[in-house]
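The residues making up each chain are set out below.
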Amino acid sequence: MSDRFETHEHDVLIIGAGGAGLRAAIEALGQGASVGVVCKSLLGKAHTVMAEGGIAAAMANVDAADDWRTHFRDTMRGGKMLNNWRMAQIHAQEAPDCVRELEHWGALFDRTDNGQILQRAFGGHTYKRLCHVGDRTGLEMIRTLQDRGVQMGFDVYMECTVTRLLKDGDRVAGAFGYWREQGRFVVFKAKSVVIATGGIGKAWPITSNSWEYTGDGMALAYEAGAALMDMEFVQFHPTGMVWPPGVQGILVTEAVRGEGGILRNKTGERFMERYDPQRMELSTRDVVARAIYTEVREGRGTEHGGAYLDISHKPAEYVKRKLPSMYHQFLELADVDITKRPMEVGPTCHYMMGGIRVDAETAQSTLSGLFAAGEAAAGLHGANRLGGNSLSDLLVFGRRAGLAAAKHASSTPAPSVDSAQIDQAERDALEPFQRKDGESPYAVHRDLQDSMQKLVGIFRNKEDLQRSLGEIDKLKQRLKRISVEGSRLYNPGWHLALDLKSMLAVSEAVALSALAREESRGAHSRIDFQNLDPAWGARNNIIGREGEAMRLRQEKVLETPGELKQILAEGK
Amino acid sequence: MAEAILQIFRGDAKGGAAKECRVPMAPGMVVLDALHYVQAHQIPDLAVRWNCKAGKCGSCSAEVNGRPRLTCKTRMDALPLDKPITIFPMKSFPVIKDLVTDVSWNFRINKKIPPFQPRPGADWKIEQKDVDRVQEFRKCIECFLCQNVCHVLREHDKKEEFGGPRFFVRVAGLEMHPMDGASRAGLLRKELGIGLCNITKCCTEVCPEDIHITDNAIIPLKERVVDEFYDPLLMLVRKIRGVKQSQD
Ligand SMILES: Cc1cc2nc3c(=O)[nH]c(=O)nc-3n(C[C@H](O)[C@H](O)[C@H](O)COP(=O)(O)OP(=O)(O)OC[C@H]3O[C@@H](n4cnc5c(N)ncnc54)[C@H](O)[C@@H]3O)c2cc1C
Ligand code: SF4
Ligand code: SF4
Ligand code: FES
């Protein structure tokens, strides 16, 4: 073990302090494990803080007919049956208890008249199912988890980025990273590592995601030899802001539609009647996003290339109470009073259904000792995620990952790490400083985003996808010529240069998987293969590493057992 | 296209000075957009903290033209463009680099606050009006702008004796939680030094979440401290009845 670096040892190391990471940490602590949590930002700033609409859980507080079976069915149908059925079942069954537990830890939700947790309607959910607090559910969730974790006593390493997983033979042994503030390196030794690093939206220019969403966790797992799955399924949320330019992509919560918001094109037509007359605005996200995109492409878009979303028919006080952040967001950033005028909205890159392939019961990846939960993991959502199913995913599988990681740690001897891996990680991280007058990381990032937006967007075709792989190859070459200016002290140019490596790896996995899947399913729409293909419906795309090359193969989707098939066949 | 002139602080713990940059204006542009433009085109290692760019995470705090603000919510077209716009780090916290400050003190204070503790036998039936009452405090995004302006911290640097408005808001969110049964009056009085606050309301003025920090959190908490220490009987009655919102 190299002792040149600051070193910390834990039973369980958790990478990511969003809902999934914090929930995992709490569970592992409860098992008596020593737990370290690493995150790129300050504690409490992870993406989860931004979640607005709510947590999906079949509590049946508003619609008494709801139960886990219906939630299971909705999730599988939303995911176009590509989901891991067992994850969908566990999720639907355990979500209500996870929400109650959160409440007992101090989270406060909006209430029904008889004092229970209030639930609202959301796209693709048969019943009113989303537990919420106004439109800042994620903030309530992250504060509750954060405070509980802090009191239970985890060690938090904030503003610290992991750039490499360390291994001991075939199992994971820890991680290598740098402190963003001072630029010093740090080594973590751990028996179990949980990846809870969230998504990949920053590979696209128009996105609801923050700078953190560079796909690090997936890239780290891939590099270490774990399998990724379903990488072609990138969710474009139908309603992001489109104007003014600086706010393009910022999310307009689905709760606007949940509360009765109506979509219209520039002629005033309620166009969802043509795309999904039954569910209208509350159709699944893939359908609504494609509808808006199509309206715009066919010349019926608004002035700034979007659709109108109108909630002004509701009483102003109601709108301000149920959607306070949306009200302020539009007033302050776009000069629009949404209680009086419609918003302009368009699709924005939002959520990654694919990710690290995990076991449903334990959230363990295909690499021993490496676990994954939350947006970084794949399986629960299949080809398309329903709104609200992410926050519940974080609680249900965060808990399971923490539990399994702690158990694994208790039955495993301490790993050892050879210093060669660490030396290599250090060299890789410092490389951009060795060159002078090379490429700017900002320019390479911009070009990657442009290429992903143009070639790997909502509608895809073979030619574009092939071209995108060529572009990614060129960008990889340019990455090798990047140089950064300044010192290691809080240097965003350097940070971006390192993040780009992850972004390029996940972008390649997305393009490769999208090219292979010659059909349209959920969030993956091929212009050249517009229909569902049952053969593809039985296959997941799996990405793995062979030497330096990325390899794609297919595996059969897990067969849903008979009694659950029955549930899927019921209902409309 | 119109141009804006920025004076951005460049420096670290050892000191620094403003650097002038010019950025082209775009419709609806916010200060954080301008800083990103500078990073991409002029100063690649300009240190800026941000996350959501939507006013939700409280990462991007700085002093714009001398006023503490979230840079992602400060519109360029709301600032006078005939003179340079100054962008400086929060003054009450040590500078790490450029606009990034060391706010770790806040996390240490937070640790001292006893967590939510459900009242024994609580049945978890809660009325909406009781949720609404504490909502305000739980909206806090921890931007620390209130900490930055409060003179007890800014001018007098009493970080050892005083918790600051952010943590009065947090305590209020716990104390007025309809199910909470703990008392934090002793903590408020001693460790958090609520007595040092002389109700200047500067914190309330800068809060981007419009939390009425002074009127709705600090003053009721001060009363609670007085009650508990000088009228323990009244406090006991309240605890037993579970009526914690006795101010209204
Ligand atoms: C605007 C918005 C609104 C949303 N609203 C809803 C909603 O209403 N309901 C719902 O169910 N879902 C919603 N979602 C989706 C949901 O919020 C996210 O999918 C979810 O919060 C992800 O949580 P997570 O725990 O997986 O990751 P995150 O909360 O994103 O946390 C990731 C963590 O990993 C850390 N990290 C990443 N890379 C590294 C690295 N290399 N080294 C160290 N640390 C690292 C980050 O710093 C961060 O702490 C919304 C998403 C957005 C963007
Ligand atoms: S009201 Fe009190 S806490 Fe707020 S700024 Fe003034 S002295 Fe500080
Ligand atoms: S109370 Fe307001 S100003 Fe203070 S940290 Fe919270 S949001 Fe920021
Ligand atoms: S970046 Fe999140 S509040 Fe400004």
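Residues numbered from 1 in each chain as written. Chains lettered and ligands numbered in written order. Predicted model: local features only at pLDDT ≥ 70, side-chain atom pairs only at ≥ 80, totals over all residues. Heavy atoms only, no water.

**Q** With reference to specific residues and values, describe the overall build of chain A.
**A** Counting secondary structure elements, chain A contains 17 helices and 20 strands. Over its C-alpha atoms chain A spans a radius of gyration of 23 Å, differing by no more than 12% from the 25 Å that the globule rule assigns to 572 residues. The dimensions of chain A, computed from C-alpha atoms along their principal axes, are 65 × 50 × 50 Å. Counting only residues that meet the buried cut, chain A has 67% of its 572 residues in that class. Here the contacts in chain A between residues at least 6 apart in sequence split such that 73% fall between residues at least 24 apart. Summed over its atoms, the accessible surface of chain A is roughly 19000 Å², and 48% of this surface lies on carbon and sulfur atoms. (Helix = DSSP H or I, 4+ residues; strand = E, 2+ residues; numbered from the N terminus. Rg over C-alpha atoms; globule rule 2.2 N^0.38 Å. Buried < 20%, exposed > 50% of the residue type's maximum accessible area, 1.4 Å probe, protein only. Contact = heavy atoms within 4.5 Å. Areas by Shrake-Rupley, 256 points an atom, 1.4 Å probe, with all protein chains shown as cover.)

**Q** Describe the packing of aromatic side chains, and please don't skip the residues or the numbers.
**A** All names here are of chain A. Counted by the stated rule, this structure contains 17 aromatic pairs over all chains. Seen from their ring centres, Phe5 and Phe185 are 6.0 Å apart, and the 85° between their planes marks the pair as edge-to-face. Within this pair, whereas Phe5 is found in the segment before strand S1 (6-15), its partner Phe185 is found in strand S9 (residues 185-195), the two being separated by 180 residues in sequence. Grouping residues by exposure puts Phe5 and Phe185 together as buried. Here the basic side chain of Arg297 rests over the ring of Phe459, its NZ or CZ set 5.1 Å away from the ring centre. Here Arg539 stacks its cationic end above the ring of Trp536, 4.5 Å away from the centre of that ring. (Phe/Tyr/Trp six-rings, centres within 6.5 Å; stacked < 30°, edge-to-face > 60°. Lys NZ or Arg CZ within 6 Å of the ring centre and 35° of its normal.)

**Q** Can you break down the site of ligand 3 residue by residue, with the values?
**A** Close to ligand 3 lie Cys140, Ile141, Glu142, Cys143, Phe144, Cys146, Cys207, Pro208, Ile211 and Ile213 of chain B. The residue inventory of the shell around ligand 3, partitioned by class, reads 9 nonpolar, no polar and 1 charged. (Near = heavy atom within 4 Å. Nonpolar A, V, L, I, M, F, W, Y, C, P; charged D, E, K, R; others polar.)

**Q** So what about a nonpolar patch on the surface? Which residues, and what values?
**A** Residues and elements named next belong to chain B. A contiguous nonpolar surface patch, about 310 Å² in accessible area, is contributed by Val226, Phe229 and Tyr230. Locating Val226 in the fold gives a position in helix H9 (residues 213-230). Residue Val226 is classed as partly exposed on the basis of its relative accessible area of 44%. (Patch = residues over 30% accessible without salt bridge, like charges linked within 9 Å, V, L, I, M, F, W, Y side chains within 5 Å. Salt bridge = Lys/Arg side-chain N within 4 Å of Asp/Glu carboxyl O.)

**Q** So what's going on with the site of ligand 1? Which residues, and what values?
**A** All names here are of chain A. Around ligand 1 sit 40 residues in total, of which Thr48, Gly53, Glu212, Tyr213 and Glu375 are the nearest. Within the backbone of Gly54, one N or O atom sits 3.0 Å away from a nitrogen atom of ligand 1. Tyr213 places a polar side-chain atom, nitrogen or oxygen, 2.4 Å from an oxygen atom of ligand 1. Against a free-state accessible area of 1000 Å², the protein chains account for coverage of 98% of ligand 1. Looking at the shell around ligand 1, the elements with two or more residues in it are helix H1 (19-30), strand S7 (160-168), strand S14 (343-352) and helix H11 (389-410). (Polar contact = N/O pair within 3.5 Å; in protein donor to acceptor, adjacent residues only side chain to side chain.)

**Q** For the sheet that holds strand S10 (residues 228-229) of chain A, give the residues involved together with the corresponding values.
**A** Pairing between sheet strands relies on hydrogen bonds along the backbone, with the strands arranged either parallel or antiparallel. All names here are of chain A. Across the sheet, which stays open at both edges, the 4 strands sit in the order S15-S10-S19-S20 with antiparallel pairing between neighbours. Across the chains shown, the open sheet's two edge strands, defined by having one partner strand only, are strand S15 (355-356) and strand S20 (549-556). Docked against the sheet, helix H15 (residues 492-516) engages strand S19 (539-546) and S20, running at close to 45° with respect to S20. (Pairing = 2+ DSSP bridges. Axes fitted to C-alpha atoms, helices over the stretch in contact; angles between N-to-C directions.)

**Q** A description of the sheet that holds strand S3 (residues 55-56) of chain A should follow, citing residues and the corresponding values.
**A** Residues and elements named next belong to chain A. With respect to topology, 3 strands assemble into an open sheet ordered S3-S5-S4, the strand pairing being antiparallel. Where the open sheet ends on each side, the last strands, each with one partner, are S3 and strand S4 (119-120). The sheet contact formed by S3 and strand S5 (residues 130-131) spans 2 bridges and is antiparallel. Of the residues in S5, the one forming a bridge with Ala56 is Leu130.

**Q** How would you explain the domain arrangement of chain A if you had to name every residue and give the values?
**A** All names here are of chain A. Looking at the assigned domains, one finds that chain A contains domain 1 (5-234 + 351-410), domain 2 (238-348) and domain 3 (419-556). Facing the 7 residues of domain 2 at the interface are 5 residues of domain 3. Between domain 2 and domain 3, a total of about 480 Å² is buried, with carbon and sulfur atoms accounting for 70% of that surface. The largest contributions to the domain 2 side of the interface with domain 3 come from Asp286, Arg290 and Tyr293, which together make up 74% of the buried area. Where domain 2 meets domain 3, there are 0 salt bridges. At the junction of domain 2 and domain 3, the tally comes to 2 residue pairs in polar contact (both at pLDDT 80 or more). For the side of domain 2 that touches domain 3, the element with the most residues is helix H8 (residues 285-297), which contributes 6 residues. Tallied by class, residues from the side of domain 2 that touches domain 3 come to 3 nonpolar, 1 polar and 3 charged. (Domains from an automatic or database assignment. Buried area = accessible area lost by both parts, 1.4 Å probe.)

**Q** Describe the side chain of Gln329 of chain A, with residues and values.
**A** Among the structural elements, Gln329 of chain A can be located in helix H10 (residues 324-334). Polar contacts involving the side chain of Gln329 of chain A include one to the main-chain carbonyl oxygen of Leu251 of chain A, which spans 3.0 Å. When near neighbours in sequence (up to four residues on either side) are disregarded, Gln329 of chain A contacts Glu52, Met241, Ile250, Leu251 and Ala334 of chain A together with Lys56 of chain B.

**Q** Explain the interface of chain B and chain A residue by residue, including any values.
**A** Chain B puts 54 residues into the contact, and the matching count from chain A is 59 residues. Buried area between chain B and chain A, both sides added, is near 4600 Å², and the carbon and sulfur share of it is 54%. Where chain B packs against chain A, one counts 7 salt bridges. Between Arg75 of chain B and Asp335 of chain A there is a salt bridge, with its nearest N and O atoms 2.8 Å apart. Scanning the region where chain B abuts chain A turns up 37 residue pairs in polar contact (both at pLDDT 80 or more). Breaking the side of chain B that touches chain A down by element, the ones donating at least two residues are helix H1 (31-41), strand S6 (95-97), helix H2 (104-111), helix H3 (128-138) and helix H6 (165-175) of chain B. Residue classes in the side of chain B that touches chain A are distributed as 27 nonpolar, 9 polar and 18 charged.

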